[in-house]
Amino acid sequence: MTRQETPIVGKIEKILPLELKGADKNFKVQSIILTVDDSYKKDGQTVNRDMPLKIDFKQRNTEQLSNYKVGDKVSVEWNLKGTKWQGVNMSEPRHFTTAEGWKIADYIENTEQVEELSPFPILDKEPEETKNDLPF
């Protein structure tokens, strides 16, 4: 399992129905389709592109999705998981990768302007002359 330091930010395109899996049908999985901005530069021009990502929420984490609806802009904390599976009639194994969400929150853009910081203090007025009391 790889824990990602940076959350995924995007807009909820779809919330899929809750699924009950396993032999006893007691393992809960619910997925969302999150549209993220995948724009890139080509020949000096910005190519706008949306990329849909499927993110699975499991067990108690599925409860978080009840607070959200299609169209909400959210931030998702996630883990990247992978599995290898080989059936008896397969010559090569198949590999699967899953993005598993463990926390979802409203995304609020920071609209405040960040002041440019100067490494030197800026004085509003000229400093008063100080008495030179150095011994030399």
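Residues numbered from 1 in each chain as written. Predicted model: local features only at pLDDT ≥ 70, side-chain atom pairs only at ≥ 80, totals over all residues. Heavy atoms only, no water.

Structural notes on the overall build of the chain
In step 1: Looking only at helices and strands, the chain has zero helices and nine strands in total.
In step 2: Its helices and strands in sequence order give the chain the pattern β-β-β-β-β-β-β-β-β, from N to C terminus.
In step 3: Buried positions account for 21% of the 136 residues belonging to the chain.
In step 4: A fraction of 58% describes how many contacts in the chain between residues 6 or more apart in sequence connect residues 24 or more apart. (Helix = DSSP H or I, 4+ residues; strand = E, 2+ residues; numbered from the N terminus. Buried < 20%, exposed > 50% of the residue type's maximum accessible area, 1.4 Å probe, protein only. Contact = heavy atoms within 4.5 Å.)

Quick word on the environment of K28
In step 1: Locating K28 in the fold gives a position in strand β4 (residues 27-37).
In step 2: For the pair K28 and K58, spaced 30 residues apart in sequence, the C-alpha to C-alpha distance is 5.6 Å.
In step 3: Those residues within four positions of K28 in sequence are excluded, and the remaining contacts are L18, E19, L20, F57, K58, Q59, T62 and E63.

Topic: the confidence of the model for the chain
In step 1: For the chain, mean pLDDT is 84; residues scoring 70 or higher make up 77% of the total.
In step 2: Note that pLDDT drops below 50 for residues 113-120; the model gives that stretch zero contacts with residues more than four away or on any other chain. (pLDDT = per-residue confidence, 0-100.)

A word on unusual backbone geometry
In step 1: A positive phi angle is found at K25, which is not glycine, with a value near 55 degrees.
In step 2: With respect to the element layout, K25 can be found in the loop between β3 (19-21) and β4.
In step 3: Under the relative-accessibility criterion, K25 is labelled exposed at 53%.

Structural notes on the pattern of salt bridges
In step 1: Across all of its chains, the model carries seven salt bridges by this definition.
In step 2: A salt bridge links K28 to E63; the nearest nitrogen and oxygen atoms lie 3.9 Å apart. Placement of the pair is K28 in strand β4 and E63 in the loop between β7 (50-58) and β8 (73-85), with a sequence separation of 35 residues.
In step 3: The partly exposed category is assigned to E63, whose relative accessible area is 49%.
In step 4: In this structure, D72 engages K69 in a salt bridge whose closest nitrogen and oxygen atoms are separated by 3.0 Å.
In step 5: Several salt bridges converge on common partners, so that one network encompasses K58, K81 and E100. (Salt bridge = Lys/Arg side-chain N within 4 Å of Asp/Glu carboxyl O.)

Details of the side chain of D72
In step 1: Assignment of secondary structure puts D72 in the loop between β7 and β8.
In step 2: Sequence-distant contacts of D72, that is, excluding residues within four places in its chain, are made with G10, K11, I12 and N67.

Description of the side chain of Q30
In step 1: Within the secondary structure layout, Q30 lies in strand β4.
In step 2: Of the residues examined, Q30 reaches a relative accessible area of 13% and is grouped as buried.
In step 3: Among the polar contacts listed, one links the side chain of Q30 to the backbone oxygen of L16, at a separation of 2.9 Å.
In step 4: Beyond its immediate sequence surroundings of up to four residues, Q30 is in contact with I15, L16, P17, L18, I55, D56, F57, T62 and L65. (Polar contact = N/O pair within 3.5 Å; in protein donor to acceptor, adjacent residues only side chain to side chain.)

Details of the nonpolar core
In step 1: I32, L34, I55, F57, V74, V76 and I104 are the most contacted members of the largest nonpolar core, which has 14 residues in total.
In step 2: Breaking this core down by element, the ones donating at least two residues are β2 (8-15), β4, β7, β8 and β9 (94-106).
In step 3: When near neighbours in sequence (up to four residues on either side) are disregarded, V74 contacts I8, V9, G10, I12, L34, Y68, I104, A105, D106 and Y107. (Core = buried A, V, L, I, M, F, W, Y, C linked by side-chain atoms within 4.5 Å.)

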